[in-house]
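Examining the three-dimensional arrangement
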Amino acid sequence: MTALNTRAATLRAKLDVSRPAVAMAAHNPLAAKLAAEAGFDAIWGSGFELSASHAVPDASILPMDTHLEMMRAMGEVQEAPVIADIDTGFGNAVNVAYAVPKYAAAGVAAVVIEDKTFPKDSSLRPGGRQELVPVGEFQGKVEAAKAAGDMLVIARTEALIAGLGQAEALSRGAAYAEAGADAVLIHSRQKTPDEILAFCRAWPGQVPLVLVPTSYPQLSFADVGSLGKVGLIICGNHAIRAAVRAMQETFRRILAEGGIAGVESSIASVSDVFALQGDALMREIEKAYLR
Ligand code: SPV
Ligand code: MG
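These numbers come from a predicted model, not from an experiment.

So, about the site of ligand 1. Taken together, Trp-44, Ser-46, Gly-47, Phe-48, Asp-58, Asp-85, Ser-123, Leu-124, Arg-156, His-187 and Gly-236 are the residues near ligand 1. The contact in question runs from an oxygen atom of ligand 1 to an N or O atom on the side chain of His-187, over 2.8 Å. Interatomic distance of 3.2 Å between a backbone N/O atom of Gly-236 and an oxygen atom of ligand 1. Computed on the free molecule, ligand 1 has an accessible area of 280 Å², of which 99% lies beneath the protein chains in the complex. When each cavity is represented as a set of grid points, ligand 1 is found to reside in the largest cavity. For the shell around ligand 1, the residue count by class is three nonpolar, five polar and three charged.

Look at helix H7 (residues 166-178): 18 Å from first C-alpha to last across 13 residues, which is about the 18 Å you get at 1.5 Å a residue. Of all the positions in H7, only Ala-169, Arg-172, Gly-173, Ala-175, Tyr-176 and Ala-177 are classed as buried. Where H7 is buried, its residues touch helix H6 (135-147), strand S5 (152-157), strand S6 (183-186) and helix H8 (194-202).

So, about a nonpolar patch on the surface. A surface patch of nonpolar side chains, about 350 Å² in accessible area, is lined by Leu-281, Ile-285 and Tyr-289. Residue position: Ile-285 is located in helix H12 (residues 279-289). Classification of Ile-285 as partly exposed rests on a relative accessible area of 43%.

Bringing the pairing of strand S8 (residues 230-235) into the picture now. Of all the six residues making up S8, six are buried; the element is thus mostly covered by neighbouring parts of the structure. Bridge count between strand S7 (residues 209-211) and S8: three bridges; the pairing is parallel. Each bridged residue has a counterpart across the sheet, and for Leu-209 the counterpart in S8 is Val-230. Once the chain exits S7 it traverses helix H9 (residues 221-227) before rejoining the sheet at S8, and the crossover so formed is right-handed.

Quick look at the packing of aromatic side chains now. Enumeration according to the criterion identifies three aromatic pairs in this entry. Centroid distance Phe-90 to Tyr-103: 6.3 Å. Interplanar angle 10 degrees. Geometry classified as stacked. Within this pair, whereas Phe-90 is found in the loop between strand S3 (82-85) and helix H5 (93-105), its partner Tyr-103 is found in helix H5, the two being separated by 13 residues in sequence. Here Phe-199 and Trp-203 contribute two aromatic rings whose centre-to-centre distance is 5.8 Å and whose plane-to-plane angle is 15 degrees, an arrangement assigned as stacked.

A few words on the pattern of salt bridges. This model, assessed by the stated rule, comprises 18 salt bridges. Residue Lys-120 is joined to Asp-87 by a salt bridge in which the shortest nitrogen-to-oxygen separation is 3.6 Å. In this pair, Lys-120 is assigned in the loop between strand S4 (110-114) and H6 and Asp-87 in the loop between S3 and H5, connecting sequence segments 33 residues apart. You can call Lys-120 buried: its relative accessible area is 2%.

Each assigned domain of the protein chain is listed here: domain 1 (6-237) and domain 2 (244-289). Centre-to-centre separation of domain 1 and domain 2, based on C-alpha positions: 32 Å.

Turning our attention to the sheet that holds S5. Read once around its circumference, the closed barrel built from eight strands follows the order S1-S2-S3-S4-S5-S6-S7-S8, with strand pairing classed as parallel. The sheet shows a mean angle of 25 degrees between the axes of neighbouring strands, taken without regard to direction. Relative to S4, S3 is paired through three bridges, and the arrangement is parallel. Looking at the pairing, Ala-84 lines up with Val-111 of S4. Each of S4 and S5 touches H6; the most contacted strand, S5, lies at about 165 degrees to it. With respect to the sheet, H7 is in contact with S5 and S6, its orientation differing from that of S5 by roughly 160 degrees.

So, how was this worked out
- Residues numbered from 1 in each chain as written.
- Chains lettered and ligands numbered in written order.
- Predicted model: local features only at pLDDT ≥ 70, side-chain atom pairs only at ≥ 80, totals over all residues.
- Heavy atoms only, no water.
- Near = heavy atom within 4 Å.
- Polar contact = N/O pair within 3.5 Å; in protein donor to acceptor, adjacent residues only side chain to side chain.
- Areas by Shrake-Rupley, 256 points an atom, 1.4 Å probe, with all protein chains shown as cover.
- 1 Å grid on protein atoms, 1.4 Å probe; cavity = no way out; pocket = protein on both sides within 12 Å on 5 of 7 lines; lining within 4 Å.
- Sits in = over half its atoms within 2 Å of the grid points.
- Nonpolar A, V, L, I, M, F, W, Y, C, P; charged D, E, K, R; others polar.
- Helix = DSSP H or I, 4+ residues; strand = E, 2+ residues; numbered from the N terminus.
- Expected span 1.5 Å × (residues − 1).
- Buried < 20%, exposed > 50% of the residue type's maximum accessible area, 1.4 Å probe, protein only.
- Contact = heavy atoms within 4.5 Å.
- Patch = residues over 30% accessible without salt bridge, like charges linked within 9 Å, V, L, I, M, F, W, Y side chains within 5 Å.
- Salt bridge = Lys/Arg side-chain N within 4 Å of Asp/Glu carboxyl O.
- Pairing = 2+ DSSP bridges.
- Right-handed = clockwise from strand over helix to strand, strands pointing away.
- Phe/Tyr/Trp six-rings, centres within 6.5 Å; stacked < 30°, edge-to-face > 60°.
- Domains from an automatic or database assignment.
- Axes fitted to C-alpha atoms, helices over the stretch in contact; angles between N-to-C directions.

What follows is the structure, given as structure tokens:
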């Protein structure tokens, strides 16, 4: 096996099915830094969050370089492993073979590739287009990603999202593990965890599973841990949703109150933001070199 980059090795060590790691979504380096400071094990480089932060749909609209540069920038400002959501891999296995080394060079710890057709649609979108590529074709994409080396490859099956049932989801998961995936992400948008729990219980455990419990938030991290099958839980969109609500409320109040005084105590201070910008380091640099 190819040696893993340091952050990939850190992430692999955390994929513990008796105590799953928890990743928080981020859409920019500031969000990644806040998630790391809060204590999350990893940063989810979410396509949904990044698309939303550009106010466009999560449907292969943004170019790869926009996502790639964001992953690099997230890794530069904090130490937690970055898990890059590369959707379908930007095309076929050839596109994957060219894309993944760029993500490796950007220092990401893992890529997640999903078995939908390109261009993708959001898994959470009611009535969205959820067509899957043939199993063999997706195995080729997993193999192409693995050959890039130096990072984890998480294969994501959308079989449950596409309504293809447990048997198809299980056989796709097994085929992707056989192709070399380090973990299998199984996604569901059912409002209860039943479908996911059934999948997890039936999963033979070749590799750890990854869950994104957005649609079934009642499933606690402890409940997931007790299944003994899941290595990673991804909080898929909580940074952008928190940011949207906080901005909406602050903007509404400022106009309604005719001034900025009222919101002062409910928003971060300017000095909090200076600290997040790395002001302490800049002061050291100024002291050492500015003459
Ligand atoms: C994302 O956060 O971009 C994901 C998870 O892929 S989901 O939006 O639930 O498909
Ligand atoms: Mg995504």
